[in-house]
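What follows is each chain in one-letter form.
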Amino acid sequence: MDRKELADFLKSRRERIQPQDVGLEAGPRRRTPGLRREEVARLAGMSVDYYIRLEQARGPRPSRQILGALARALRLTDDEREYVYNLAGERTAPPPGPPQDVPAGILHLLYRLDDTPAFVLDAKYDVLAWNVLAAALITDFAALAPRDRNSIRSFFRDDPDPALFTDQAHWSFMRESLADLRVAAARYPDDPGIKELVAEMSAASGLFRRLWAEREVRVRHGTRKLMRHPMVGEIELHCDVLLVPDRDQKVVLYTAAPGTPSYEALKLLRVVGVQDMSTT
């Protein structure tokens, strides 16, 4: 059980909820952001002392019943609820780390998607497999060392300034990826790869530290992305994420609506990518 993270997470979610959100009067002289501890305890049907000890990281391991009551009182999302259960050790013991082997059927799918950039991510955002068009669009993954095929490391290695982001979708993509990584960190608490990645990026990037401290928890789904390629220019793509539950992996697909300039750019990229590969 990770008492410290559970305490910090409960506190962050308590401060997020306003009294009126749960049918309480705000009252005068309220200095506490969000709900008071005694209000959470009352909503969850537990003693104030017990809840205070949980937020101070010195309480006993909460039961599933207590965790469920807290999830309802704090209005946690499904992803946040699972995160809290994992922190409290109320899930089946996870494997030591995210699985690295990609199912053969998924590899066949990548091969057959010759007009769609597609790649596979594990739970800590390592790129495990990709097709030719994904390499042409993003980077030549085969030329990178395995540790450099990590999307989180690529996002934050140069400590980007959020003020320079003109594409809101890119900013949202970064936030959602970190929220998803936090889910993986709770699911695989003993994985050295995730611990190393978080420590490295926390030391290297102020933006990473700030977003990580917000403790967002959310499994990433699809979004829109605006990408700029040096040979075919600007491409606006739909980014869809298909889950591989038995491997805790994601198949990421980039598509464009037929007849659009982005669709034509992908067609051109397919030719350019094949020519580049044939001359190396």
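Coordinates for the structure precede this section.
Residues numbered from 1 in each chain as written. Predicted model: local features only at pLDDT ≥ 70, side-chain atom pairs only at ≥ 80, totals over all residues. Heavy atoms only, no water.

Caption draft 1: Fine view of the overall build of the protein. Across its full length, the protein holds twelve helices and five strands. By the burial criterion, 48% of the 280 residues in the protein qualify as buried. For the protein, long-range pairs separated by at least 24 residues make up 59% of all intrachain contacts whose partners lie at least 6 apart in sequence. Total accessible area computed for the protein in this model is approximately 14300 Å², and 52% of it derives from carbon and sulfur atoms. (Helix = DSSP H or I, 4+ residues; strand = E, 2+ residues; numbered from the N terminus. Buried < 20%, exposed > 50% of the residue type's maximum accessible area, 1.4 Å probe, protein only. Contact = heavy atoms within 4.5 Å. Areas by Shrake-Rupley, 256 points an atom, 1.4 Å probe, with all protein chains shown as cover.)

Caption draft 2: The pattern of salt bridges, seen in detail. Under the counting rule described, the total for this entry stands at 26 salt bridges. For the salt bridge of D8 with R215, the shortest nitrogen-to-oxygen distance reads 3.2 Å. Taken together, the positions of D8 in helix α1 (residues 3-14) and R215 in the loop between α11 (206-213) and β3 (223-229) put the pair 207 residues apart, joining distant regions of the chain. Taking the shortest distance from any N to any O, the salt bridge between R13 and E80 comes out at 3.1 Å. (Salt bridge = Lys/Arg side-chain N within 4 Å of Asp/Glu carboxyl O.)

Caption draft 3: Molecular detail of the sheet that holds β3. One open sheet holds the five strands; their spatial order is β2-β1-β5-β4-β3, and the pairing between them is antiparallel. Every interior strand has two partners, whereas the edge strands, β2 (127-130) and β3, have only one. In this sheet, adjacent strand axes meet at a mean angle of 30° when their direction is disregarded. Across three bridges, strand β1 (residues 118-121) lies against β2 in antiparallel orientation. Its bridge partner lying in β2, L121 is registered against V127. (Pairing = 2+ DSSP bridges. Axes fitted to C-alpha atoms, helices over the stretch in contact; angles between N-to-C directions.)

Caption draft 4: Spotlight on the pairing of strand β5 (residues 249-255). The buried fraction of β5 amounts to six of the seven residues, a majority that puts the element mostly inside the structure. In this sheet, β5 lies alongside β1 in antiparallel orientation, the contact comprising four bridges. For A118, the partnering residue across the bridge sits in β5 and is L253. If you look at the hairpin formed by strand β4 (residues 233-244) and β5, you'll find four residues sitting between the two strands, and D248 has a positive phi there, around 55°.

Caption draft 5: The arrangement of unusual backbone geometry in detail. Positive phi, close to 75°, is recorded for Y125, a residue that is not glycine. Considering the arrangement of structural elements, one finds Y125 in the loop between β1 and β2. Residue classification places Y125 among the buried positions, given a relative accessible area of 0%. Backbone geometry at D248 places phi at a positive 55°, although glycine is not the residue there. By relative accessible area, which is 18% here, D248 ends up buried.

Caption draft 6: Just the nonpolar core, in detail. Judged by nonpolar contacts, the single largest core of 39 residues is most densely connected at I152, F156, L178, F208, L237 and Y254. Top element by residues in this core is helix α9 (residues 168-187). It accounts for six residues. When neighbours within four sequence positions are excluded, L178 is seen to be in contact with I152, F156, F208, L211 and W212. Within the second largest apolar cluster, 28 residues are counted, among which are I17, A69, Y83 and L87. (Core = buried A, V, L, I, M, F, W, Y, C linked by side-chain atoms within 4.5 Å.)

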